[in-house]
Amino acid sequence: MGETEAAFQIRIDGQVGATGRPLPDFPVPAPLTGHGPARIIAMCNQKGGVGKTTTTINLGAALAELGRRVLLVDFDPQGALSVGLGVNANALDVTVYNLLTERGHDVRQVIQHTKVEGLDVLPANIDLSAAEVQLVGEVAREQILARVLRPVMDDYDVIMVDCQPSLGLLTVNALTAAHGVIIPLECEFFAMRGVALLVETIEKITDRLNPRLQVDGILATMYDGRTLHSKEVVASVVEHFGDQVFHTVISRTVKFPDASLAAEPITTYDGAHKGAEAYRQLARELIARGGAA
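Residues numbered from 1 in each chain as written. Predicted model: local features only at pLDDT ≥ 70, side-chain atom pairs only at ≥ 80, totals over all residues. Heavy atoms only, no water.

(A) Highlighting the sheet that holds strand β3 (residues 112-113). Pairing in this open sheet of seven strands is mixed, and the strands run β3-β4-β2-β5-β1-β6-β7 from one edge to the other. In this open sheet, the two edge strands, each paired with only one partner strand, are β3 and β7 (214-221). Pairing geometry for strand β6 (residues 180-186) and β7, over seven bridges, is parallel. In the sheet register, Glu186 faces β7, and the bridge partner there is Thr221. (Pairing = 2+ DSSP bridges. Helix = DSSP H or I, 4+ residues; strand = E, 2+ residues; numbered from the N terminus.)

Next up, the structure:
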């Protein structure tokens, strides 16, 4: 990232955000005059239940609101991303699994449109769980997702990959294809323990497979500003990772599961809710940091 506080326009009133730092003002970006090539972002944490899928859906929708063309790749056999956007992946004959393991499919025919303008999804279902075993013997097995996405790179501005909670071959594929990584981190002390291992894995992939890969940011999720615990965790993350931590913090709210049940992003389910505003701010911050067009 290499961004410093000085790179952002700091609010005159010196308002301090949830991370304990002066909260920058992230302006609404100018409209794009064209689209593509896409920047690929892997949403990654080997710990489950930290908000990867929620963030992928809602950040993607917020970027689409800003006029970006966004493709979300469901790369978890549980298929929660697909379900959360109203796609019944179990009824599909061809999913991302087939694109990874078989030749002759057109990725554009597998991509599904969502109710949100400018937001598409590449769906997955439980079949994807077999992919790791099948890909082990493949030549350049770490680069298969990059090959799958290559034909649509010019169709989108941002491609976000919702990784499964592991550091297996599918996640390595996502990190090898990606330009950047966003690490959602639950505001809970045990959640921090796995981040060092994840950062070590990212460094190995940068060194051996994908020298362009960088950490776009660490995102504090499930934050509860009423508890000292949440505040202490965020302070500790900022102490360890500094400017790599996003200023935007995602608070815990029942509205996120409610929106998932309704199979739509919170930005359309309850656009005035503070959770929707948080993801809109995250989208603006990501663009300001150079992590999206």
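(B) The side chain of Arg68, seen in detail. Within the secondary structure layout, Arg68 lies in the loop between α1 (52-65) and β2 (70-75). Among buried charged residues, Arg68 stands out as having no salt bridge; its nearest opposite-charge side chain is Asp157, 5.7 Å away. Here Leu66 takes part through its backbone oxygen, which lies 2.7 Å from a polar atom of the side chain of Arg68. Not counting residues within four places of it along the chain, the set of residues in contact with Arg68 comprises Pro29, Ala30, Leu32, Leu63, Gly118, Asp157, Ile287 and Ala293. (Buried < 20%, exposed > 50% of the residue type's maximum accessible area, 1.4 Å probe, protein only. Lys, Arg positive; Asp, Glu negative; His and termini not counted. Salt bridge = Lys/Arg side-chain N within 4 Å of Asp/Glu carboxyl O. Polar contact = N/O pair within 3.5 Å; in protein donor to acceptor, adjacent residues only side chain to side chain. Contact = heavy atoms within 4.5 Å.)

(C) Local environment of the pattern of salt bridges. In total, this model carries ten salt bridges according to the counting rule given. Taking the shortest distance from any N to any O, the salt bridge between Asp224 and Arg226 comes out at 3.0 Å. Here the residues in one salt-bridge network are Glu65, Glu277 and Arg280, joined through shared partners.

(D) View of empty space enclosed by the protein. Under the counting rule described, the total for this entry stands at two cavities of 30 Å³ or more. Its volume calculated, the largest cavity comes out at about 70 Å³. Taken together, Thr54, Ile57, Asn58, Gly84, Phe256, Ala259, Ser260, Glu264, Pro265 and Ile266 make up the lining of the largest cavity. Secondary-structure elements contributing two or more residues to the lining of the largest cavity are α1 and α10 (255-261). (1 Å grid on protein atoms, 1.4 Å probe; cavity = no way out; pocket = protein on both sides within 12 Å on 5 of 7 lines; lining within 4 Å. Points joined across faces, edges and corners; volume = space filled by probe spheres on them.)

(E) Quick peek at the packing of helix α8 (residues 189-208) against helix α9 (residues 228-241). Across the interface, α8 lies against α9 with an axial gap of 10 Å and an inter-helix angle of 20°. Relative to α9, the element α8 lies roughly parallel. The chirality of how α8 crosses α9 is right-handed. Contact residues: α8 offers Phe189, Met192, Val195 and Val199, while α9 offers His229, Glu232, Val233, Ser236, Val237, His240 and Phe241. In the contact of α8 with α9, the residues fall into seven nonpolar, three polar and one charged. (Axes fitted to C-alpha atoms, helices over the stretch in contact; angles between N-to-C directions. Parallel < 35°, antiparallel > 145°, perpendicular 65-115°, else oblique. Left-handed = near helix turned anticlockwise from the far one by under 90°. Nonpolar A, V, L, I, M, F, W, Y, C, P; charged D, E, K, R; others polar.)

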